[in-house]
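Okay, here's what each chain looks like letter by letter:
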Amino acid sequence: MLGARVAFLQTRTNTVNFFQRRTEEQLWKTIRSVSKSGEKKGRRSTRQPFRPLDKFYRIGASPLKIQFPGLNASVSAKSEPPLAIIDQTPDELKESELSIRKGLEDMGKTRKRNKEKLHPLERGFSGIQVVGQKLGPPPPVEGSNFEDFETYCLEIKRTSNMTGVFGRVHTMAALVVTGNGNGLAGFAVGKAPLHRTTTAIIKGMKMASRKLFFVELFEGRTIYQDFYAECRNTRVFAQRQPKGFGLICHPRLAKICELLGIKDIYVKVEGSTRNYLALTQAFITGLINQETHQQLAERKGLHVVEMDPNRHFLPRKIASPIENRLKAEVELTDMDKLNLDDFYGEGRYPLKKNKPPPFYAHLPAHLEAEWRKHPFRNHPDVMVRLLADGAVDRWTRDARKEAAEGQSKMMEDGVMPIPKGIGLSRVVPKKDA
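All figures in this text were calculated on a predicted structure; none of them were measured in a lab.

Rules used throughout
- Residues numbered from 1 in each chain as written.
- Predicted model: local features only at pLDDT ≥ 70, side-chain atom pairs only at ≥ 80, totals over all residues.
- Heavy atoms only, no water.
- Patch = residues over 30% accessible without salt bridge, like charges linked within 9 Å, V, L, I, M, F, W, Y side chains within 5 Å.
- Areas by Shrake-Rupley, 256 points an atom, 1.4 Å probe, with all protein chains shown as cover.
- Salt bridge = Lys/Arg side-chain N within 4 Å of Asp/Glu carboxyl O.
- Lys, Arg positive; Asp, Glu negative; His and termini not counted.
- Charge placed at Lys NZ, Arg CZ, Asp CG, Glu CD.
- Helix = DSSP H or I, 4+ residues; strand = E, 2+ residues; numbered from the N terminus.
- Buried < 20%, exposed > 50% of the residue type's maximum accessible area, 1.4 Å probe, protein only.
- Pairing = 2+ DSSP bridges.
- Axes fitted to C-alpha atoms, helices over the stretch in contact; angles between N-to-C directions.
- Core = buried A, V, L, I, M, F, W, Y, C linked by side-chain atoms within 4.5 Å.
- Contact = heavy atoms within 4.5 Å.
- Phe/Tyr/Trp six-rings, centres within 6.5 Å; stacked < 30°, edge-to-face > 60°.
- Lys NZ or Arg CZ within 6 Å of the ring centre and 35° of its normal.
- Polar contact = N/O pair within 3.5 Å; in protein donor to acceptor, adjacent residues only side chain to side chain.

A. Seen up close, a negative patch on the surface. Taken together, the side chains of Asp-393, Asp-398, Glu-402 and Glu-405 make up a negatively charged region of the molecular surface. By the element assignment, Asp-398 lies in helix α12 (residues 397–413).

B. Inspection of the pattern of salt bridges at higher detail. For the structure on display, the rule yields twelve salt bridges. Between Glu-368 and Arg-372 there is a salt bridge, with its nearest N and O atoms 2.9 Å apart. Note that Glu-368 and Arg-372 are positioned in helix α10 (residues 364–373) at a spacing of four residues, about one turn of the helix. When its relative accessible area of 58% is taken as the criterion, Arg-372 is described as exposed. Among the charged side chains, a network of salt bridges with common partners joins Glu-219, Arg-221 and Asp-264.

C. Just a positive patch on the surface, in detail. A contiguous patch of positive charge, built from Lys-41, Arg-43, Arg-47 and Arg-168, is present on the exposed surface. Its place among the elements puts Lys-41 in the loop between α3 (36–40) and β1 (66–67). On the basis of relative accessibility, which here comes to 44%, the residue Lys-41 falls in the partly exposed class.

D. Molecular detail of the sheet that holds strand β4 (residues 168–179). Overall, antiparallel pairing links the four strands, which are arranged β3-β4-β5-β6 in an open sheet. Sheet topology places β3 (150–162) and β6 (212–214) at the edges, where each strand pairs with a single neighbour. Between one strand and the next, the sheet's axes are offset by a mean angle of 20 degrees, whatever the strand orientation. Bridge count for strand β5 (residues 184–193) against β6 is three bridges, and the pairing is antiparallel. Paired with Ala-185 across the strands is Phe-213, a residue of β6.

E. Geometry of the nonpolar core. Formed by 31 residues in total, the largest nonpolar core has its most connected members in Leu-260, Ile-262, Ile-265, Val-267, Phe-283 and Leu-287. Of all the secondary-structure elements, those providing two or more residues to this core are β3, β4, β5, β7 (227–231), β8 (234–240), α6 (251–260), β10 (265–271) and α7 (276–288). Looking at this core element by element, the count peaks at seven residues for α7. The residues touching Leu-260, leaving out its near neighbours within four places in the chain, are Gly-181, Asn-182, Gly-183, Ala-185, Phe-213, Val-215, Leu-217 and Leu-287.

F. Inspection of the packing of aromatic side chains at higher detail. Taken as a whole and assessed by the stated rule, the structure comprises six aromatic pairs. On the numbers, 5.3 Å between centres and 85 degrees between planes, the contact of Phe-146 with Phe-149 is edge-to-face. Like Phe-146, the residue Phe-149 is buried in the burial classification. Ring centres of Phe-359 and Tyr-360 lie 5.2 Å apart, and the angle between their planes is 85 degrees; on these two criteria the pair is classed as edge-to-face. The class of Phe-359 is exposed, set by a relative accessible area of 74%. Relative accessible area serves as the criterion here: at 37%, Tyr-360 is assigned to the partly exposed category. Directly above the aromatic system of Phe-218 lies the positively charged group of Arg-240, at a separation of 4.7 Å from the ring centroid. Geometry around Tyr-276 places Arg-252 over its ring, the cationic atom sitting 4.0 Å from the centre.

G. Looking closely at the side chain of Asp-264. With respect to the helices and strands, Asp-264 occurs in the loop between α6 and β10. At a separation of 3.2 Å, a polar atom in the side chain of Asp-264 contacts the main-chain amide nitrogen of Gly-244.

H. Region of interest: unusual backbone geometry. Non-glycine residue Glu-219 carries a positive phi angle of around 60 degrees. With respect to the helices and strands, the residue Glu-219 is situated in the loop between β6 and β7. Exposure remark for Glu-219: the relative accessible area of 56% places this residue in the exposed category. The backbone phi angle of Arg-232 is positive, close to 55 degrees, even though this residue is not glycine. Along the chain, Arg-232 turns up in the loop between β7 and β8. Overall, the relative accessible area of 76% leaves Arg-232 in the exposed class.

I. A look at the pairing of β8. Two elements, β7 and β8, share five bridges in a ladder whose sense is antiparallel. Across the sheet, the residue bridging to Glu-230 is Arg-235, located in β8. Hairpin geometry of β7 and β8 is characterised by an intervening segment of two residues between the two adjacent antiparallel strands and by a positive phi of about 55 degrees at Arg-232. Sheet analysis places β8 next to β10, joined by seven bridges and oriented antiparallel. In the strand pairing of β10, Arg-240 is matched with Ile-265.

Next up, the structure:
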């Protein structure tokens, strides 16, 4: 005979486990704790952050207010139903809505307070990071004030050192550069304990203000001559540029040029471009080892002559020896006859890759156009010769027309002989009637 089926619900009244015997703080400590040796190795940043789970995830907080014995209610009598649903009062509903709204508002305020809005030109190299941002003048040192100085942090990185007592010790290193924009600047590396980035930057600013150097600028805007410098695996080729060219160089070098007052320069970096300390050291070493045109003339005992492409490479003397004697032609050595680019560049030149020919290089129409320009291939040389001989003061249409009319007048008066044989190939003889 089959008996009646009775609903069976299994309950445990003596449930005691690890999570019920420990508090929330102790439970979080099991997954967030780091040993002393682990802190030195930087393992604290890899641990889970503390999250208040009961802030927004409150069990049983709903319009129905469900009570489940053993989860959010105590297990007392076996006769009570395993699940109970109780309606909340209007006051309780309003209070729960306001609490959630307040929590969201506080979270939004916290995020807005931590995130500072910056102008796009002041955000640095990577977003809102301090690297590349203006940090203001360094603090005063021994009564010296640096109000007209500006400071940039070029790099922040974590370094390590293996010791016999503490093992691997990690520190924060900050590369800081400061300058006044008129040729006076300094750089240094500040170090501080792990996760003390601000302390490392402040130490770097103080050290940079004590290690100032001065760089002589040509016309107050660029370098005096092209130079080559290297440090470790970083090679720097700096070239002087005309006014209005701008700063075409590495972003870190652009910040250094801004602090020094350099406005027009082109710098080619080869080798390692991410070793910012070696990059800074190489560039500043090349700037400090510069010499002015007058210093070069005194040291070599020769005239310093400039071949400016804006003047069609006509020579112009810009410096002459004053204190020392001018050397004669027979006294010159092979070293004195070197070009300045070869002399200062130490025989090294930046790698220049030839551009591939365009797609229309071998088309018939392009070849025909090049052939039409072939008869005029000597015009640039003629222009330079006329300017050098003084036949034409300026290469403009009015100046050339005036010079041609003057020569024609002199030929008509018999002062200059009439050239023969020029243009006779285009003369067509007139036929007799």
